[in-house]
Amino acid sequence: MADLTPTPDRPGLHVSKPSPNAPATGSAVCHCGATATATGDKQVRVLVEGYTANHGAAHNRTGR
């Protein structure tokens, strides 16, 4: 399987939860240079919400 972890050359958001009992992990890299990681279901949810609202496609909506 290919490595789906985002990098500055391939920005994006990646979330993994290998089993229902394992904590979720997430990483995000935006083309603006912002990066973040999170471990734990609640923290990953916050990471996804923040990335969605402020980075990635949000830059296209606001022109930032």
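Residues numbered from 1 in each chain as written. Predicted model: local features only at pLDDT ≥ 70, side-chain atom pairs only at ≥ 80, totals over all residues. Heavy atoms only, no water.

## Focus: the pattern of salt bridges
A complete count under the given rule lists one salt bridge for this structure. Close ionic contact of K17 with D41 constitutes a salt bridge, the shortest N to O distance being 3.0 Å. One end of the pair, K17, is in the loop between β1 (12–16) and β2 (25–29); the other, D41, is in helix α1 (residues 41–54), with 24 residues separating them in the sequence. With relative accessibility at 37%, the residue D41 sits in the partly exposed group. (Salt bridge = Lys/Arg side-chain N within 4 Å of Asp/Glu carboxyl O. Helix = DSSP H or I, 4+ residues; strand = E, 2+ residues; numbered from the N terminus. Buried < 20%, exposed > 50% of the residue type's maximum accessible area, 1.4 Å probe, protein only.)

## What about the environment of P6?
Here P6 lies in the segment before β1. When its relative accessible area of 10% is taken as the criterion, P6 is described as buried. Those residues in contact with P6 that sit more than four places away from it in its chain are P11, G12, L13, H14, S27, A28 and V29. (Contact = heavy atoms within 4.5 Å.)

Read these as spatial facts, not as claims about activity.
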